[in-house]
Structures are given as C-alpha cells and as structure tokens.
Amino acid sequence: MAKSKIVASIDIGSSKIRTVVGIQEEGSPVPNIIGVGIAPSTGLRKGAVIDVEETINSISASLEDAERMAGEPINHVFLGVGGNHIASINSKGVIAVSQAENEISEDDVDRVLEAAQAVTIPSNRRILRIIPKTFTVDEQKGIKYPVGMTGIRLEVETHIVTGFEPVIKNLEKCVLQSGVDIDDVIPACLASAEAVLSKRQKELGVVVVDIGCGGTSISVFEDGATLHTAVIPVGGENVTNDVAIGMKTSIDTAEKLKIEYGTTIPEEVNDRETIDLSLISKIDTHHVSKKQVVEIIQARYHEIFVLVKDELAKIHRDEMLPAGVILTGASSKMSGVIDLARETLNLPAQIGFPTNYDGVVDKIDDPAYATVIGLLLWGSRFESRHHSGLKGLNMKKSLSSITKWFKNLVP
Ligand SMILES: Nc1ncnc2c1ncn2[C@@H]1O[C@H](COP(=O)(O)OP(=O)(O)OP(=O)(O)O)[C@@H](O)[C@H]1O
Ligand SMILES: [Mg+2]
C-alpha cells in the first residue's frame, strides 16, 4: 500500500489566518485536501506580531477549525510569511566544476547556489528562498537544469527572497506556542502562484497580483522561472479606510459598504442613488451617495494597479507579459476589478482560482485561498525538512531540496 502523510500549511495574513490540511500519498503529484480553517487575524499588524497572546489565540483557532473538518490532528505546518518586510534581490554565483571529467553534479549546483548567496544581506535579514533562474555552462546561456552536462565553469542567476529576522522569529514563536512544529517558512508572495498558475503560463510570462488586506504582493514569471517578486504596501484595508474617511463612517460600516455595494466601475452607478447606512449599521445612520463610494473604491484600486505597473516597468515587463495578470487575494473579489486591471495594466486579466489539488472542499474554490494552498503545494513538493524549535533554516540542506524541487519543474 502507498504510504501517505498529513501535510498542513498556515497563511498568517493581516486580516485572516487560513489553514489547510491534506493527505499526501506517496507518488501522487498533489495533496488531497481534507480540512480548511479560518480565523480573524488579531494580534498582528501588516504581517508582524504586535500582541503575542492574541496572535497565538488566532493561530490556534484557525488550526482547530481545520482539525475539526479534517478529523486529524495537525502536528506540523508550512508557514507562510508576508508583509512589507519581505524583500528580494537578484544575485549571481560562479564556480569551477569539481569532477575530474567535468560532469556537473547536484553538488556543483548546491555549491553555485551557495556562491550566489555571497551578497551583502544585512545580518537582521533571513534568506527565505534562493530561486535559480537560469544557469550558464561555460559560454552556453539559458540552461534550466545543468546536472549531467559537461563544462568547466558553472554560473547561476538567482532571485533571493529575504525577510526581517525579528518579525519572522516572533511569528515562528507564536506558531510553536500554538502547539505545532514548523516544517519550513515560505514567503507568501511566492506561494499564491503555485496554486493558480500552469506551467504554460509561467513559460509565456505572467504576473500574479495578490491583493490582500495590508498589502499587495506580486510575483512575475517568465521562461518557467521566477523573474521578480515585490510587496506593495497598499491593499484592501486602504480601500476601506478611504471609504470611512470619505463617507465619514466607522471602519466597520465602511467595510460593509465596500463589500455589499462596491464596484470599480462608477459609470454603472446612477448619480442620484443613495445608500441608507442604517440598513447595514447601528452606529452610522446617515445617507451616502453610492456614486461617491464607488469613485473612492475605484481610485484606490486604480492606484494599486498603477503601482503594479511601475513594478513591472522596473524589470522592463510593463505590458509585456503574454499570459497577463492573474488576480488572487480576497480583495480581488471586488466587482469590476478584472476590467480595471486589464485597462490599467494593458494586459489580459483574470481571477486566479486555486487548482493543482485534489479534494472536494468547496470553500477553497476562492482566490482568497490561493496563498495557503500554494504553501501546501510548495511545501509538499520539498522533501520535508521537519525542524522544531527556532534553529532557523539549514541552508546546506535547503539547497539540495531546492535542487530537487527545481528538477521537478523542468519539463
Ligand atoms: N467580497 C469581497 N470584495 C472585495 N473585497 C473583499 C471581499 N472580501 C474580502 N475583501 C477584502 O479583502 C481584504 C482581505 O484580503 P485577504 O483575506 O486576502 O487578506 P490577508 O491574506 O488576510 O492579508 P495580507 O495578504 O494583506 O496579509 C480585506 O481588506 C477585505 O475588505
Ligand atoms: Mg494574504
């Protein structure tokens, strides 16, 4: 009988903590999802812990919710971290191939990836991922996986994602105190793409834009590899705040106004239409112009897409990605958002629903679950490097799993 194991992931977002748990059968390419949990994210601000006890309670609530549905205890998780402290740089590494007959081995790939880490990264930042983009063997460029090839000089171009160590440590501490061990820490900005993109989209060139609460994270792919990642500090929370200020309502009323009446297409709204706030609030009882609410929402979403466009321009991919923009995160559920993204970015646009998993849990057929499912997929593709305590990542071990994972991606 094929061996199976329980795998789980937790996405600590700034508005919700989402957990999924699945069964990974040996030999099966995707996990079978059997449980989902969600809890409000209290105790955190923009991805950073500001109240340890509240954060532990929120994490525990999300874990228990998923355990209840799955009927299985969760003992360890792949942890996703997001927020404005996540940053990325590109770095090159070069080595001389070690074997006498100059055949490139997995060891050489590990060594060249290690060489790429020799960049100045401040001591208070942790390397979360080193992603090989492309290899060069002697003068031959554009190699995806060099093991088995012959050469003297091996070069790699990598994309390195780092996070602010104190923020990650505090999150890890809260997760461990919630009673689960951490398999690995994965940047949330990389995860969503795993759940929503096909190999073909990654080959053609595509950007995943996850519009969350505290921020918007983007990841760009081309020729099958990660080209760029970035976190923009504007998200759904800013839309809500703008509505609250503009319409002089409480934050709770503004959130309800946004979700129940919001759209990013003001042209569709009648100038004279008003909304009676007493229908959705006990505190706010005045009337507001629907057109004004919608104009405020449209302006903020437009700004988000302009910032995404600026980010693409930095890497010279503005209007240049044939597979377009894929929107994830709960804020992508705003009506009219696809049209606004298409017009502002001048690219094909669609919502990214999670795929690449088995199971019949309806709740996760939702772009808001892309990150947590991506974490599970990413995690279960790596050999489990179960580590408990706050020892941090063992880069040597991590490199060989990167090599294995990278090999999986090669068609
Ligand atoms: N149906 C909806 N339409 C529009 N916006 C929505 C909808 N449902 C939720 N939102 C907004 O989505 C945001 C939360 O998104 P999400 O749950 O993806 O964030 P998160 O993962 O917790 O946070 P982050 O990724 O920023 O750390 C909130 O600002 C909320 O107002
Ligand atoms: Mg999120």
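Worth saying up front: this structure is predicted, and the values here are computed from it rather than measured.

### A word on the packing of helix α6 (residues 236-247) against helix α7 (residues 251-261)
With their axes 8 Å apart at the nearest point, α6 and α7 run at an angle of 110° to one another. By the angle between their axes, α6 is roughly perpendicular relative to α7. Helix-helix and strand crossings are classified by hand; for α6 and α7 the assignment is right-handed. Between α6 and α7, the residues in contact are Val239, Thr240, Val243, Ala244 and Met247 and Ile251, Ala254, Glu255, Leu257 and Lys258, respectively.

### Side note on the sheet that holds strand β14 (residues 225-232)
Spatial ordering of the open sheet is given by β14-β13-β12-β17-β18, a layout of five strands whose pairing is mixed. Pairing within the sheet leaves two strands with one partner each, and these edge strands are β14 and β18 (349-351). The average undirected angle you get between the axes of adjacent strands in this sheet is 20°. Bridge count between strand β12 (residues 206-211) and strand β13 (residues 216-222): six bridges; the pairing is antiparallel.

### Some thoughts on unusual backbone geometry
In this model, asparagine 102 sits at a positive phi of 60°, which is unusual for a non-glycine residue. Among the secondary structure elements, asparagine 102 is positioned in the loop between β7 (87-96) and α2 (106-116). Using a count of 17 C-beta atoms within 10 Å as the deciding quantity, one classes asparagine 102 as partly exposed. The backbone phi angle of lysine 248 is positive, close to 55°, even though this residue is not glycine. Topologically, lysine 248 is positioned in the loop between α6 and α7.

### Looking at the site of ligand 1
In the neighbourhood of ligand 1, 23 residues make up the surrounding shell, with Gly13, Ser15, Gly212, Gly236 and Ala330 lying closest. Residue assignment for the shell around ligand 1 shows that the elements contributing at least two residues are α6 and α7. Of all the elements, α6 adds the most residues to the shell around ligand 1, at three residues. Counted by class, the shell around ligand 1 contains five nonpolar, 14 polar and four charged residues. Of the residues that make up the shell around ligand 1, three or more belong to each of domain 1 (4-84 + 165-197 + 353-409) and domain 3 (232-350).

### Focus on the nonpolar core
The biggest cluster of nonpolar side chains holds 105 residues, and the ones touching the most others in it are Val20, Val207, Val208, Val325 and Ile373. Of all the elements, helix α8 (residues 290-314) adds the most residues to this core, at nine residues. With sequence-adjacent residues up to four places away left out, valine 207 is seen in contact with Ile218, Val220, Leu312, Leu321 and Val325.

Rules behind the numbers
Residues numbered from 1 in each chain as written. Chains lettered and ligands numbered in written order. Predicted model: local features only at pLDDT ≥ 70, side-chain atom pairs only at ≥ 80, totals over all residues. Axes fitted to C-alpha atoms, helices over the stretch in contact; angles between N-to-C directions. Helix = DSSP H or I, 4+ residues; strand = E, 2+ residues; numbered from the N terminus. Parallel < 35°, antiparallel > 145°, perpendicular 65-115°, else oblique. Left-handed = near helix turned anticlockwise from the far one by under 90°. Contact = placed C-beta atoms within 7 Å. Pairing = 2+ DSSP bridges. Buried ≥ 20, exposed ≤ 12 C-beta atoms within 10 Å, placed from the backbone. Near = placed C-beta within 6 Å. Nonpolar A, V, L, I, M, F, W, Y, C, P; charged D, E, K, R; others polar. Domains from an automatic or database assignment. Core = buried A, V, L, I, M, F, W, Y, C linked by C-beta atoms within 7 Å.

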